[in-house]
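Chain by chain, the residues run as shown.
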Amino acid sequence: MRRGINIAAAAIVAAAACSPAFAQALVDYRIEGDSIPQPLGGLVGDAARGEAIIRDRRTGNCLICHAAPIADELFQGEIGPDLNGVGARLTEAQIRLRLVDQTILNAETMMPPYYRVDDLRDVAPDYRGKPALDAQQIEDVVAYLSGLRN
C-alpha cells in the first residue's frame, strides 16, 4: 500500500510540474506549532484562483483524494478529509502548513508536500527541484479553503 501512495504522490507532483509555477524559487517561511503564520512571500491569495487549482486535475489534483463543496465536479476523493468546512476547523496558517508539507505534522501522511523539493521519492528527473505549487498558488488555495466555513 505504501508503494501505491508513493506512486500517487509522485504522479501528483509530476502532473503539477506541467504548470508555469517553477519560474519562482522557494521562499523562506517560519513554522510555529502546527502552522505557518505568514503568507508565503507576503503574497495575498485569491479564492477564485484557489478554487480553480482545487478543480484542476493536472495542477493541484486535490479532488483525487478530497471531496469539496463543488457540486459540478464528479468523482471526488474519499481518502483525505472532506474539505467542506475546513475554514471553520483550521486557521489560514494551519491550512498553509498542511499544503506546504503535511509530513511536518504527520510523517505517515498520504498527502504530498506541495511546496517542498528535497527528500522526495520517485520524482522524475525533469521535475526534481521544482515544487508542485508555487507560493502564489499555495496562497490562492489557502484563500479558497479558508473561506469554506459550512
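Residues numbered from 1 in each chain as written. Predicted model: local features only at pLDDT ≥ 70, side-chain atom pairs only at ≥ 80, totals over all residues. Heavy atoms only, no water.

Colleague: Before we move on, can you summarise helix 5 (residues 135–146) with the specific residues and values?
Modeller: Along an α-helix, a turn takes 3.6 residues, which lines up residues three or four apart on a common side. Taking 1.5 Å per residue as the helical rise, helix 5 with its 12 residues ought to reach 16 Å, and the 16 Å between its terminal C-alpha atoms agrees with that figure. Counting buried positions over the 12 residues of helix 5 gives 10, a clear majority of the element. Among the residues of helix 5, those classed as buried are A135, Q137, I138, E139, D140, V141, V142, Y144, L145 and S146. Residues of helix 5 that are buried make contact with helix 2 (47–55), helix 3 (86–89) and helix 4 (92–101). (Helix = DSSP H or I, 4+ residues; strand = E, 2+ residues; numbered from the N terminus. Expected span 1.5 Å × (residues − 1). Buried < 20%, exposed > 50% of the residue type's maximum accessible area, 1.4 Å probe, protein only. Contact = heavy atoms within 4.5 Å.)

Colleague: Before we move on, can you summarise the side chain of R96 with the specific residues and values?
Modeller: Turning to its location among the elements, R96 is positioned in helix 4. The exposure class assigned to R96 is buried, which follows from its relative accessible area of 1%. Within the structure, R96 has its side chain in polar contact with the side chain of E139 (distance 2.7 Å). Discounting chain neighbours no more than four positions away, the residues touching R96 are I36, P37, Q38, P39, L40, I138, E139 and V142. (Polar contact = N/O pair within 3.5 Å; in protein donor to acceptor, adjacent residues only side chain to side chain.)

Colleague: So what's going on with the pattern of salt bridges? Which residues, and what values?
Modeller: Tallied over the full model, the rule gives 9 salt bridges. A salt bridge links R30 to E32, with the nearest nitrogen and oxygen atoms 1.7 Å apart. For R30, a relative accessible area of 42% corresponds to the partly exposed category. Judged by its relative accessible area of 42%, E32 falls in the partly exposed class. (Salt bridge = Lys/Arg side-chain N within 4 Å of Asp/Glu carboxyl O.)

Colleague: Can you tell me about the confidence of the model for the protein chain, naming the residues and giving the values?
Modeller: Per-chain confidence: the protein chain averages 87 in pLDDT, with 84% of residues scoring 70 or above. Here residues 1–23 is a poorly scored stretch, pLDDT under 50, and it has 35 contacts once near neighbours within four places are set aside; other chains count. (pLDDT = per-residue confidence, 0-100.)

Colleague: So what about unusual backbone geometry? Which residues, and what values?
Modeller: Phi is mostly negative for residues that are not glycine, and the peptide bonds are mostly trans. Even without glycine at this site, N61 takes up a positive phi of about 55°. Within the secondary structure, N61 sits in the loop between helix 2 and helix 3. A relative accessible area of 11% places N61 in the buried class. Here D122, not a glycine, exhibits a phi torsion of approximately 60°, which is positive. With respect to the secondary-structure elements, D122 resides in the loop between helix 4 and helix 5.

Colleague: So what's going on with the packing of helix 4 against helix 5? Which residues, and what values?
Modeller: Close contact between helix 4 and helix 5 brings their axes to 9 Å; oriented N to C, the two are set at 130°. Regarding the angle of helix 4 to helix 5, the classification is oblique. Judged by the twist between their axes, the crossing of helix 4 over helix 5 is right-handed. Contacts between helix 4 and helix 5 pair E92, I95, R96, L99 and V100 from the former with I138, E139, V141, V142, L145 and S146 from the latter. The residue inventory of the contact of helix 4 with helix 5, partitioned by class, reads 7 nonpolar, 1 polar and 3 charged. (Axes fitted to C-alpha atoms, helices over the stretch in contact; angles between N-to-C directions. Parallel < 35°, antiparallel > 145°, perpendicular 65-115°, else oblique. Left-handed = near helix turned anticlockwise from the far one by under 90°. Nonpolar A, V, L, I, M, F, W, Y, C, P; charged D, E, K, R; others polar.)

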